[in-house]
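Take a look at the letters that make up each chain.
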Amino acid sequence: MKLGNIIDKTIGVFSPEAELKRRAYREKTKVFQVLNKGYSEHGASKRKKSLIGMDADSGTADEDIGENHTLLVKRSRSLWQGSTVATAAIKNVVTNSVGTGLQPKPNIDSDYLGLNEKQKEEIEGIIEKHYNFWKKDCGYFKGESFEELQSLVMLSQLMSGDVFILLPIDESLQLQIIEADQVANGMLGGNQDIKNGVEMKDGKIVAYHIKGKAFETPKRIELRGKDSNKRNILHIMQSERPGQRRGVPFLAHVIEDLKQLDRYQKAELHAAVISSFLTVFVQTADVTDPLGIPPVPESEQVDSEDESSYELGQGSVVTMDKGETISVVNPARQNATFDSFITSISRNIGAALEIPFEVLLKHFSSSYSASRAALLELWKMIKNKRHFLINQFCRPVYEEFITILVYEGKIPYVNIEQFKNDPLYRESLFRSLWYGPSQGQIDPLKEVVAAEKRISLGITTRSQETMEMNGGDWEKNAIQLKKEKELLKELDLLTEEKKSNTSSPEESGGSRGGKRDGAGRKKVKQLEETGDGDDKGGEEDE
């Protein structure tokens, strides 16, 4: 028997009421000891006043996301169309992740395909030639280029949460982009298997229901062909929940903050405009000959039908009737906290979107190190977005393009039967590297010197550094540099170029930092001789 029970019984001999109270208190203590375990005393506490008002509920991905998808898309598009910060956030991602376009560089596995180096180069050259011709006019709607489609797909996915691409059943490979609104259940609604236009069976997506007009019966498009197993449609979406059918807009987590910030900005702008108006009200004893003219001409009034409303104008003189007075709320103020408040809220929005506020507002006022850190943080997110777009859109389309070339007999040395039956054989032919616009540099000289040291230490290669620096192709640069040197030698200009590269600091325009500038030019010249130059058409490796 426990000591507490012995004491209770002893007390009960003299005071049964006191024993009962002690036992009741002990039972209550046991309840709290059971409840206050782990998170029940912290984030899951049901008795802390700070958390009692936090009504939180959660359901399946279809309930939490699917049932709110339409409203989220509408609000996201409204912010894109009217909020400056929201527009800047989406444009930042599209411009940096896609920019002028993502380009593939064929890199087939010659060992598995049984090809020598010469045959490998021949096949890669054929693929590049046909791809460069096809990408100029591959859009179904108006013959858009593949680069234009990449930007449109990324923009639509960020704005609406997801976007769809119909792949043609013929060999034209004209890509048709389907907006998120067109994938829906239709007038009859869905069922347990069909929700938000996405049909699932046994836990897998098997088909999509697409409508062309608002009240049109959706057309069922199977994910893959029954006989060929070829993909008929691509669903570009980043999932955040298992079993999620539809995507979440990029701005979904900051919709409220963006809307409130937009209202605040517009209110401050309107107050500044109103305070800039100079309007004089004249009051006389008897109004028989009114002075002045209406403050705003009737043709320019926004609410001319309401006679009880007054509209302010610039430099206006208004005469009032006898007995009328006017009371004005003075909006003239210099809001000293406006800039700091906008910056503070933008920091929170940028943190949620993984965009540093310096980049979001295009405001770089800190040191070189801080600005570079902001760009590096942005580039982590951009690489993720670019990788996502390549895997879900660019690479599947590229593989479909290669498949068409194989069946048309345009790629030599390929065993078609093995291509049909061996997935690894197909993957060896599909293999490629994808390049996009580079990050850019704040101080190019420092970046070049650092790249040279990484190459000399064996940390990276010349090809990697060229792609990181300017999105170029080092092999193409080396070939081009060789041609240029041969042409300079032929024209007897090579000696003059060497003289200009070794000229003194005074001859090149100044004496500040002579030794350092000369060393910098020497390093750049060494890089040019090794082939780490710029290539106008190159893109970055993914």
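Keep in mind that what you see is a predicted model, and the values were worked out from it rather than measured.

Next up on the list: the overall build of the protein chain. The helix and strand inventory of the protein chain stands at 20 helices and 11 strands. When each of the 542 residues of the protein chain is scored for burial, the buried share is 36%. Taking the intrachain contacts of the protein chain between residues at least 6 apart in sequence as the baseline, contacts between residues at least 24 apart amount to 67%. About 33900 Å² of surface is accessible on the protein chain, with carbon and sulfur atoms providing 53% of the total.

What follows deals with the sheet that holds strand 4 (residues 194-195). Sheet architecture is open: four strands sit in the order 4-5-6-7, paired in antiparallel fashion. Edge strands, defined here as strands with exactly one partner in the open sheet, are strand 4 and strand 7 (219-222). Looking at chain direction, strand 5 (residues 198-201) and strand 6 (residues 204-210) are connected through four bridges and run antiparallel. Among the inter-strand pairings, valine 198 is bridged to a residue of strand 6, identified as tyrosine 208.

Attention now goes to the nonpolar core. Core analysis: the largest hydrophobic core is formed by 66 residues, its most contacted members being Phe146, Leu175, Ile355, Phe393 and Ile402. Phe164, Leu166, Val198 and Tyr208 belong to the second-largest nonpolar core, a separate cluster that totals 10 residues.

All right, on to the confidence of the model for the protein chain then. Keep in mind that low pLDDT regions are not for reading the predicted coordinates in detail. The pLDDT averaged across the protein chain works out to 82; a share of 78% of its residues lies at or above 70. Within the model, the stretch residues 504-517 combines pLDDT values under 50 with eight contacts to residues more than four positions away or in other chains. This stretch, residues 531-542, has a pLDDT under 50; its non-local contacts, to residues over four places away or in other chains, come to 51 contacts.

For the rest of this paragraph, the subject is the pairing of strand 1 (residues 103-106). Residues Gln103 and Lys105 of strand 1 are buried on one face, and the alternating residues Pro104 and Pro106, pointing to the opposite face, are buried as well. Sheet topology places strand 1 next to strand 11 (residues 432-435); four bridges connect them, and they run antiparallel. Its bridge partner lying in strand 11, proline 106 is registered against serine 432.

A few words now on unusual backbone geometry. Phi is mostly negative for residues that are not glycine, and the peptide bonds are mostly trans. Of note, leucine 173 is a non-glycine position whose phi angle comes to about 55°, a positive value. Within the fold, leucine 173 resides in the loop between strand 2 (162-166) and strand 3 (176-178). The backbone of asparagine 196 shows a phi angle near 55°, a positive value even though the residue is not glycine. With respect to the element layout, asparagine 196 can be found in the loop between strand 4 and strand 5.

With that out of the way, let us pick up the sheet that holds strand 8 (residues 233-237). Read from one edge of the open sheet, three strands run 3-2-8, paired in antiparallel fashion. One side of each edge strand has no neighbouring strand; the edge strands of this open sheet are strand 3 and strand 8. The average angle at which neighbouring strand axes cross in this sheet is 25°, direction not considered. The sheet contact formed by strand 2 and strand 3 spans three bridges and is antiparallel. Note on strand 3: the bridge partner recorded for phenylalanine 164 is isoleucine 178. Packing against the sheet, helix 9 (residues 146-160) makes contact with strand 2, strand 3 and strand 8, and its axis sits at approximately 140° to strand 2.

Note on placement: isoleucine 169 falls in the loop between strand 2 and strand 3. Expressed as a C-alpha distance, the spacing of isoleucine 169 and glycine 225, which sit 56 residues apart in the sequence, is 9.5 Å.

A few words now on the packing of aromatic side chains. For the structure on display, the rule yields 13 aromatic pairs. Centre to centre, the rings of tyrosine 131 and phenylalanine 146 are 6.4 Å apart; their planes meet at 90°, and the pair counts as edge-to-face. Taken as a pair, tyrosine 131 in helix 8 (residues 117-134) and phenylalanine 146 in helix 9 lie far apart in primary sequence, 15 residues in all. For the pair formed by tyrosine 131 and phenylalanine 146, the shared burial category is buried. Geometry around tyrosine 368 places lysine 446 over its ring, the cationic atom sitting 4.6 Å from the centre.

This part covers helix 5 (residues 69-82). Between the first and last C-alpha of helix 5 there are 20 Å, a value that for 14 residues agrees with the 20 Å anticipated at 1.5 Å per step. Buried within helix 5 we find His69, Val73, Ser76, Arg77, Leu79 and Trp80. Around the axis of helix 5, the buried residues are gathered within 160° of arc, so they sit on the same side. Residues Lys74 and Gln81 are exposed on helix 5 and point more than 90 degrees away from its buried face. In this structure, the buried residues of helix 5 make contact with helix 6 (84-97), helix 9, strand 2 and helix 10 (255-275).

Conventions and cut-offs
Residues numbered from 1 in each chain as written. Predicted model: local features only at pLDDT ≥ 70, side-chain atom pairs only at ≥ 80, totals over all residues. Heavy atoms only, no water. Helix = DSSP H or I, 4+ residues; strand = E, 2+ residues; numbered from the N terminus. Buried < 20%, exposed > 50% of the residue type's maximum accessible area, 1.4 Å probe, protein only. Contact = heavy atoms within 4.5 Å. Areas by Shrake-Rupley, 256 points an atom, 1.4 Å probe, with all protein chains shown as cover. Pairing = 2+ DSSP bridges. Core = buried A, V, L, I, M, F, W, Y, C linked by side-chain atoms within 4.5 Å. pLDDT = per-residue confidence, 0-100. Axes fitted to C-alpha atoms, helices over the stretch in contact; angles between N-to-C directions. Phe/Tyr/Trp six-rings, centres within 6.5 Å; stacked < 30°, edge-to-face > 60°. Lys NZ or Arg CZ within 6 Å of the ring centre and 35° of its normal. Expected span 1.5 Å × (residues − 1). Arc of directions from axis to C-beta.

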